[in-house]
Amino acid sequence: MESLARGGTRWKRFAVVMVPSVAATAAIGVALSQGALAASFSVSGQQFKVATDRLDGTGFVQYGAVDAQKGGKQIPVAVSAFSSAKIKNLCQSVVVPVPVFGDVSMKLQAGGGDTPVEAKNLYIDLDQLEADATFNNINIGVAAGSTSKGPGIKKGDKADPGSFAQEADTATLTGVKQTAWATTAGTFKLSGLKMKVSAGKNECY
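On a predicted model such as this, the values are computed, not experimentally measured, just so you know.

Asks: Describe the overall build of the protein, and please don't skip the residues or the numbers.
Replies: Helix and strand content of the protein: zero helices and 10 strands. Ordering the α and β elements of the protein from the N terminus gives β-β-β-β-β-β-β-β-β-β. In the protein, the proportion of contacts linking residues at least 24 apart, taken out of those at least 6 apart, comes to 82%. Carbon and sulfur atoms make up 52% of the accessible area of the protein, which amounts to about 9400 Å² in all.

Here it is in structure tokens:
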């Protein structure tokens, strides 16, 4: 761990899995919007991969929660949230196995030009992350229900308000690679959006 000016802290190349009351320090990337900020919903049985060159976020908070698949299976996740974020060169991919036909990949790309992807009230439910990250004015070990720097616990999340959380005024992540189960956002503006569906495995990384 390396201390920086203005209360900053940097972690290099970390991976994270976070469950209620048990956490490893981490932060995030980005993915699809689910439209207006929603209550809890059943997640699919498939993770998706997300990669981005750089994410600059304000109002960061992270806490542990549990997502539920439609069949009832419980999935522990780290919920990483930003009040606002700008993302350069976003890539999201998911591989869907289709009976008889085989694997089908969907890849989404945006923010590759001069205009980054922009998001507000962004929540990402993830279980693994690699990145270089710098946090400014970070608090580690705050109760999830007492965070004040970010958007707070998402409505409908299965999260213990007294469990471990962390928060920061700002966070900058570069070289982001993550796997996630779900993402929601109040608004999600994707500049230069491109989407491609292809046979076989064609992932972001």
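Asks: Give a description of the pattern of salt bridges that names residues and reports values.
Replies: Tallied over the full model, the rule gives five salt bridges. A salt bridge links Lys 49 to Glu 203; the shortest N-O distance between them is 3.6 Å. Here Lys 49 is found in strand 3 (residues 48–68), whereas its partner Glu 203 is found in the segment after strand 10 (194–199), with 154 residues between them in sequence. Residue Lys 49 is classed as partly exposed on the basis of its relative accessible area of 21%. For Glu 203, a relative accessible area of 30% corresponds to the partly exposed category. One salt bridge in this structure joins Arg 54 and Asp 56, with 2.8 Å as the shortest N-O distance. When its relative accessible area of 35% is taken as the criterion, Arg 54 is described as partly exposed. Classification of Asp 56 by relative accessible area gives partly exposed; the value is 30%.

Asks: Summarise the side chain of Gln 62; cite the residues concerned and give the values.
Replies: Positionally, Gln 62 belongs in strand 3. Judged by its relative accessible area of 0%, Gln 62 falls in the buried class. Here the side chain of Gln 62 touches Ser 80 through a polar contact of 2.7 Å, side chain to side chain.

Asks: So what's going on with the environment of Val 104? Which residues, and what values?
Replies: Relative to the elements of secondary structure, Val 104 occurs in strand 5 (residues 102–110). As a C-alpha pair, Val 104 and Ser 198 span 94 residues in sequence and 5.8 Å in three-dimensional space. Sequence-distant contacts of Val 104, that is, excluding residues within four places in its chain, are made with Val 94, Val 95, Val 96, Val 98, Val 197, Ser 198 and Gly 200.

Asks: Break down the state of the cysteines for me, citing the residues and quoting the values.
Replies: Evaluation of the coordinates by the stated rule reveals one disulfide. For Cys 91, the disulfide goes to Cys 204, at an S-S distance of 2.0 Å. On the sign convention where negative means left-handed, the S-S torsion of about -85 degrees between Cys 91 and Cys 204 marks this disulfide as left-handed. Residue Cys 91 is found in strand 4 (residues 74–98), and its partner Cys 204 is found in the segment after strand 10; the two are separated by 113 residues along the sequence.

Asks: Describe in detail the nonpolar core, supporting the description with residues and values.
Replies: The biggest cluster of nonpolar side chains holds 29 residues, and the ones touching the most others in it are Phe 82, Leu 90, Leu 122, Phe 135, Leu 173 and Phe 188. Looking at this core, the elements with two or more residues in it are strand 3, strand 4, strand 5, strand 6 (117–136) and strand 8 (164–184). Ranked by residue count, the leading element in this core is strand 6, at nine residues. Ile 75, Val 79, Val 142 and Ala 159 belong to the second largest nonpolar core, which has 13 residues in total.

Asks: An account of the packing of aromatic side chains is needed here, citing residue identities and associated values.
Replies: Applying the stated criterion to the full structure yields two aromatic pairs. Residues Phe 60 and Phe 82 carry aromatic rings whose centres are separated by 5.5 Å and whose planes lie at 45 degrees to one another, so their mutual orientation is tilted. With Phe 60 in strand 3 and Phe 82 in strand 4, the pair connects residues that are 22 residues apart, well separated along the chain. Seen from their ring centres, Phe 60 and Phe 135 are 5.4 Å apart, and the 40 degrees between their planes marks the pair as tilted. Taken together, the residues Phe 60 in strand 3 and Phe 135 in strand 6 connect sequence positions 75 residues apart.

Thresholds, definitions, all that
For every chain, the first residue of its written sequence is number 1, and the numbers climb from 1 along that sequence. Local features in this predicted model are restricted to residues whose pLDDT is 70 or higher, and side-chain atom pairs enter the listing and the counts only when it is 80 or higher, whereas totals over whole chains, interfaces and linings include all residues. Excluding hydrogens and water, the side-chain figures rest on all heavy atoms present in the structure. Counting from the N terminus, the helices are the DSSP runs of H or I reaching at least four residues and the strands are the DSSP runs of E reaching at least two. Contacts are assigned to residue pairs that have any heavy atoms within 4.5 Å of one another. Methods summary: accessible areas were calculated by the Shrake-Rupley approach with a probe of 1.4 Å, and residue burial reflects only the protein chains presented. A pair is scored as a salt bridge if a Lys or Arg side-chain nitrogen falls within 4 Å of a carboxyl oxygen belonging to Asp or Glu. Partly exposed describes any residue whose relative accessible area lies between the buried limit of under 20% and the exposed limit of over 50%, with all areas from a 1.4 Å probe on protein chains only and scaled to the type maximum. Any N or O atom pair separated by 3.5 Å or less is treated as a polar contact, with the protein-specific requirement of one donor-capable and one acceptor-capable atom, and with residues adjacent in sequence counted only for side-chain atom pairs. Throughout, a disulfide means two cysteine sulfur atoms within 2.5 Å of one another. To form a nonpolar core, buried Ala, Val, Leu, Ile, Met, Phe, Trp, Tyr and Cys residues must be joined to one another through side-chain atoms within 4.5 Å. Between the rings of Phe, Tyr and Trp (Trp by its six-membered ring), a pair exists once the centres lie within 6.5 Å; its type follows the angle of the planes, with under 30 degrees stacked, over 60 edge-to-face, and the other angles tilted.

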